[in-house]
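Chain residues, written in single-letter form:
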Amino acid sequence: MKTVLISGGGIAGPVLAHWLRRRGFEPTVVERAPAPRGGGQAVDVRGVALDVMARTGLLDRARGVRTRMRGMSVLDPHGNEVHRSTDATYSSGRLDSEDIEVLREDLVRMAYDHTRADVEYVFGDSLTALEEDEAGVRADFAHGPTRRFDLVVGADGLHSTVRRLAFGPEERYSHHLGSYLSVFGAENFLGLEDWQVWLRDEGVGFGIMPVRDNTELRIAFGFESAPLAPAARTGDALRRTVVAKLEALGWEGARLAEAARKAPDFYCDAMAQIRMDGWSRGRVTLLGDAGYCPSPLSGQGTSLALAGAYVLADSLALHDGDHSAAYARYERRMRPFVDLNQALATENPGGPASEESVEQAKNALALDA
């Protein structure tokens, strides 16, 4: 039985582990966080990714916790409504679509719960070195003992450790898209009921949606910026930047700033894409954002991760663990799908991609091809 180390316990890693286990592999998932990660924005599951969710056995559960918006309002900088829709929202698209929108933390938890009984998870640890030889890969960990695996998969996000160890510095592959995104939670101090509000004002903007039966808010705040200096990219520095920019807004800026200041789940990072000529090197390959992050601007990061996990496991099974042939097939099948979805983020900077482009991108992969 071939052993596979998967770095990253978010969405892609556990789904890959599920399919590898079903196909006779022995996966181990290592995750830096001490437990499945909470927080984060609502994510979309679209097109072929819905099929992956169904085959994995997660779709009914995901539909049970999906967001259920009635519509949205678009506000001017003073909080006056300038547009409303009961047909679609910016976060999820058309409300009558078969696509679903789920809080990221809910999807992470259900993927973990679905696999924890027969997949080894190592929380609170991370890789520090990888050394490949003819027989496999030696993996060194920050806290645990050195171990050997037949294959290694980096499913560890935009700032992938596996990518850095196997392919080199992040700067070679990361392409800044001109802005930063912050996401954090708060009590529903706006009294929103299944209704989103959006506002944009001179290079900054936010979307706010109620969650957990309208008891909480998820706030996504973006601001235009060139890449920040390293000292300005620390967690504390980014929080101070976001608070200051929110305080400068009209309408509810002061209360939003206070929420950002206090939020235990505060997150902020650059809007960026990972573009690589190849996702594999020797016995190591990359999955999801680690290899082909499309950025949140595309709305397709989760769908790419789910589809990639299924295709990678399918390719390894088809080639009986021959990693060279399997990785080649994985990339050959996924590359056109990735290219179309990454283009969604650059088609219309600052606004949603066209419905035609979204439909083409989300349905550009057939699982059984």
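Every chain is numbered independently, its residues counted from 1 as its sequence is written. For a predicted model such as this one, the threshold for reporting local features is a pLDDT of at least 70, and the threshold for listing and counting side-chain atom pairs is 80 or more; totals across whole chains, interfaces and linings nevertheless cover every residue. The side-chain numbers reported here are obtained from all heavy atoms of the structure, hydrogens and water having been left aside.

Enquirer: Help me understand unusual backbone geometry, please; the structure alone is not making it clear to me.
Expert: Backbone geometry follows two general trends: most residues other than glycine have a negative phi, and most peptide bonds adopt the trans configuration. Phi is positive for D213, close to 55 degrees, though the residue is something other than glycine. For D213, the location among the structural elements is in the loop between β16 (204-211) and β17 (216-224). Here the phi dihedral of N214 falls at roughly 70 degrees; this positive angle occurs in a residue that is not glycine. Secondary structure is summarised from DSSP: a helix means a run of H or I of at least four residues, a strand means a run of E of at least two, and numbering begins at the N terminus for each. Of note, N214 is situated in the loop between β16 and β17.

Enquirer: How should I be thinking about the sheet that holds strand β11 (residues 136-141) in this particular structure?
Expert: Strand-to-strand pairing in sheets goes through backbone hydrogen bonds, with the strands running parallel or antiparallel. Should DSSP find at least two bridges between two strands, the strands are taken to pair. Spatial strand order, β10-β11-β12: three strands in an open sheet with antiparallel pairing. A strand with exactly one partner marks an edge of an open sheet, and here the two such strands are β10 (127-133) and β12 (147-149). On average, each strand axis in the sheet is inclined to that of its neighbour by 25 degrees, with strand direction left out of account. Structural elements are reduced to axes, namely lines fitted to C-alpha atoms, with helices fitted over the stretch in contact, and the angle between N-to-C directions of any two is expressed from 0 to 180 degrees.

Enquirer: Where do I start with the layout of surface pockets in this structure?
Expert: Over the atoms rolls a probe the size of a water molecule, and its path tells where empty space is left. Volume-wise, the second largest pocket comes out at about 350 Å³. Breaking the lining of the second largest pocket down by element, the ones donating at least two residues are β14 (174-187) and β18 (267-274). For the lining of the second largest pocket, the element with the most residues is β18, which contributes four residues. In terms of residue class, the lining of the second largest pocket is made up of seven nonpolar, three polar and four charged. Cavities and pockets are defined on a 1 Å grid built over the protein atoms alone: a cavity is a set of grid points where a 1.4 Å probe fits but cannot escape, while a pocket is an open set with protein on both sides within 12 Å along at least five of seven lines, and lining residues are those with an atom within 4 Å of any such point. Grid points are joined across faces, edges and corners, and a volume is the space filled by probe spheres set on the points. Gly falls in the polar group here, along with every residue not listed as nonpolar (Ala, Val, Leu, Ile, Met, Phe, Trp, Tyr, Cys, Pro) or charged (Asp, Glu, Lys, Arg).

Enquirer: Got a minute to help me understand the pattern of salt bridges in this structure?
Expert: Proximity of charged atoms lets side chains of opposite charge pair with each other. The working definition used for a salt bridge is a side-chain nitrogen of Lys or Arg within 4 Å of a carboxyl oxygen of Asp or Glu. This structure, assessed with the given rule, holds 26 salt bridges. In this structure, the salt-bridge partner of R46 is D44, at a minimum N-O distance of 3.5 Å. The residues R46 and D44 share a single accessibility class, namely buried. Across the pair D113 and R109 runs a salt bridge whose closest N-O atoms are separated by 3.5 Å. Here R109 and D113 lie together in helix α4 (residues 104-115), a separation of four residues that amounts to about one turn. In this scheme, a residue with accessible area under 20% of its type's maximum is buried, one over 50% is exposed, and one in between is partly exposed, where area comes from a 1.4 Å probe on protein chains only. On the basis of relative accessible area, D113 is assigned to the partly exposed category, the value being 30%.

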